[in-house]
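This is what each chain is made of:
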Amino acid sequence: MEQLFSLAEHFISINGEGQRAGELALFLRFTGCDLRCVWCDTLWAVPKDAPHKDKDLRSLLDIARDAVSHGVRNVTLTGGEPLMQKGIVRLFEALLDMGLRVEIETNGSVALAPFIRDKRPDFNMDYKLPDSGMESRMIIDNISLLQANDTLKFVCASHRDLLRAYEVIQQTKPKCKVYFSPVFGKIEPADMVEFIKEKGLGEVRLQLQLHKFIWDPQKRGV
Ligand SMILES: C[S@@+](CC[C@H](N)C(=O)[O-])C[C@H]1O[C@@H](n2cnc3c(N)ncnc32)[C@H](O)[C@@H]1O
Ligand SMILES: Nc1nc2[nH]cc(C(=O)O)c2c(=O)[nH]1
Ligand code: SF4
Ligand SMILES: [Mg+2]
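Residues numbered from 1 in each chain as written. Chains lettered and ligands numbered in written order. Predicted model: local features only at pLDDT ≥ 70, side-chain atom pairs only at ≥ 80, totals over all residues. Heavy atoms only, no water.

1. So, the nonpolar core
Spelled out, the test is: The nonpolar core is taken to be a set of buried Ala, Val, Leu, Ile, Met, Phe, Trp, Tyr and Cys residues, with the residues joined through side-chain atoms within 4.5 Å. Each residue's exposure class comes from its accessible area (1.4 Å probe, protein chains only) as a fraction of the maximum for that residue type: buried when under 20%, exposed when over 50%, partly exposed otherwise. The contact definition used throughout considers only heavy atoms, calling two residues in contact when any of these lie within 4.5 Å.
The biggest cluster of nonpolar side chains holds 55 residues, and the ones touching the most others in it are Leu77, Ile88, Leu91, Phe154 and Phe180. If near-sequence neighbours (up to four positions away) are discounted, Leu77 is found in contact with Leu28, Phe30, Pro82, Ile88, Leu91, Phe92, Leu95, Val102, Glu103, Ile104 and Glu105.

Listed below in structure tokens is the structure:
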């Protein structure tokens, strides 16, 4: 029986986050998530039965082929938690075979080891900090699996979160890119800069979610 994906939405936009921020990307957003971050900006997609369309692999690849015909070279698989989709490996392998650059936004609670192989996407993995309410669900050993093209993202809502991110960095010494991202509207980016300067975090990159400055921060599909 063909595995189906629970697709909440798909859209082409400027990637607002990560190493390819500012570039066109196709977004495939799946429903279902095992976490409930206090500040989640996509809570509408996290229930397993959130509004969605059941799509087979072929129809997702048709969406990707159409995006490629419009000049798109990046695909972000996100959600909800995309690694909960049963067919995610077949999907990312097929997208990679199309020559697309594939990123997966993942929440740090799903073991990455089963997805680490030669042909794999770039992982943008969150480490959920105390103010998210989900830190106890983090698999800190995932960090050692992240390589140069991957990203470890700390979404920060407070000074307490910043301090914890600093501790995790000291403890795990990540080999990948490390991003700090403000919980939108909860912490001043200027305060994050002061913290990064104060701690001498020369390898950390501060990001702002571009799409929340281009459009209404609540707008879906962008
Ligand atoms: C909606 S999540 C979906 C992917 C996955 N569940 C995760 O949490 O990484 C995509 C990204 O948006 C971030 N995010 C969610 N709500 C946010 C908010 N209010 N402010 C800033 N980033 C947020 C998440 O931390 C994650 O990096
Ligand atoms: N424009 C835009 N860029 C994004 N990068 C990661 C996103 C996500 O929700 O995972 C996202 C998103 O929701 N919109
Ligand atoms: S893990 Fe991601 S999708 Fe799930 S609640 Fe947290 S931010 Fe939202
Ligand atoms: Mg988003």
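2. Looking at the site of ligand 2
The condition is simple: A single heavy atom is enough: if one lies within 4 Å of a molecule or strand, its residue is considered near that molecule or strand. As used in this structure description, the phrase polar contact means that two N or O atoms lie within 3.5 Å; if the pair is within protein, one of them must be able to donate a hydrogen and the other to accept it, and residues adjacent in sequence are counted only when both atoms belong to side chains. Only the protein chains shown count as covering a residue, and every accessible area follows the Shrake-Rupley method with a 1.4 Å probe. Only protein atoms enter the 1 Å grid, on which a cavity is a set of points fitting a 1.4 Å probe that cannot get out and a pocket is an open set with protein on both sides within 12 Å along at least 5 of 7 lines, lining residues being those with an atom within 4 Å of a point. Pocket occupancy is defined atom-wise: a molecule lies in a cavity or pocket when more than half of its atoms are within 2 Å of its grid points. Helix and strand definitions here come from DSSP, where helices need a minimum of 4 consecutive H or I residues and strands a minimum of 2 consecutive E residues; each element is numbered from the N-terminal end. Polarity classes work like this: nonpolar for Ala, Val, Leu, Ile, Met, Phe, Trp, Tyr, Cys and Pro, charged for Asp, Glu, Lys and Arg, and polar for all others, with Gly in that last group.
If you check the shell around ligand 2, you find Ser13, Ile14, Asn15, Gly16, Glu17, Phe27, Arg29, Thr78, Glu105, His211 and Val222 and nothing else. Ile14 places a main-chain nitrogen or oxygen 2.9 Å from a nitrogen atom of ligand 2. In isolation ligand 2 has 320 Å² of accessible area, and contact with the protein removes 91% of it. When atoms are counted within 2 Å of each cavity's grid points, the one that captures over half of ligand 2 is the largest pocket. Of all the elements in the fold, those that place two or more residues in the shell around ligand 2 are β1 (4-14) and β2 (24-30). Tallied by class, the residues present in the shell around ligand 2 amount to 3 nonpolar, 5 polar and 3 charged.

3. A look at the packing of aromatic side chains
Working definition: an aromatic ring pair is given by the centre-to-centre distance plus the angle between the planes. Put simply, the test is: Stacked, edge-to-face and tilted are the three classes for Phe, Tyr and Trp ring pairs, Trp counted by its six-membered ring, which pair at centre distances within 6.5 Å; planes under 30 degrees apart are stacked, over 60 edge-to-face, the rest tilted.
Under the counting rule described, the total for this entry stands at 6 aromatic pairs. Each ring, one from Tyr127 and one from Phe154, has its centre 6.1 Å from the other, and the planes form 55 degrees; the classification is tilted. Of this pair, Tyr127 sits in the loop between β6 (122-126) and β7 (151-156) while Phe154 sits in strand β7, and the two are 27 residues apart along the sequence. Residues Tyr127 and Phe154 agree in their burial class; the two are buried. Centroid distance Tyr166 to Phe195: 6.4 Å. Interplanar angle 85 degrees. Geometry classified as edge-to-face. With a gap of 29 residues between them, Tyr166 in helix α3 (residues 159-172) and Phe195 in helix α4 (residues 189-199) connect regions that are remote in the sequence. A residue is classified by how much of its surface remains accessible, and Tyr166, at 21% relative accessible area, is partly exposed. Among the residues examined, Phe195 registers a relative accessible area of 2% and is labelled buried.

4. Structural notes on the site of ligand 3
In the vicinity of ligand 3, the contacting residues are Cys33, Leu35, Arg36, Cys37, Trp39, Cys40, Val46, Gly80, Asn107 and Lys128. Among the detected pockets, ligand 3 sits in the largest pocket. Broken down by class, the residue content of the shell around ligand 3 amounts to 6 nonpolar, 2 polar and 2 charged.

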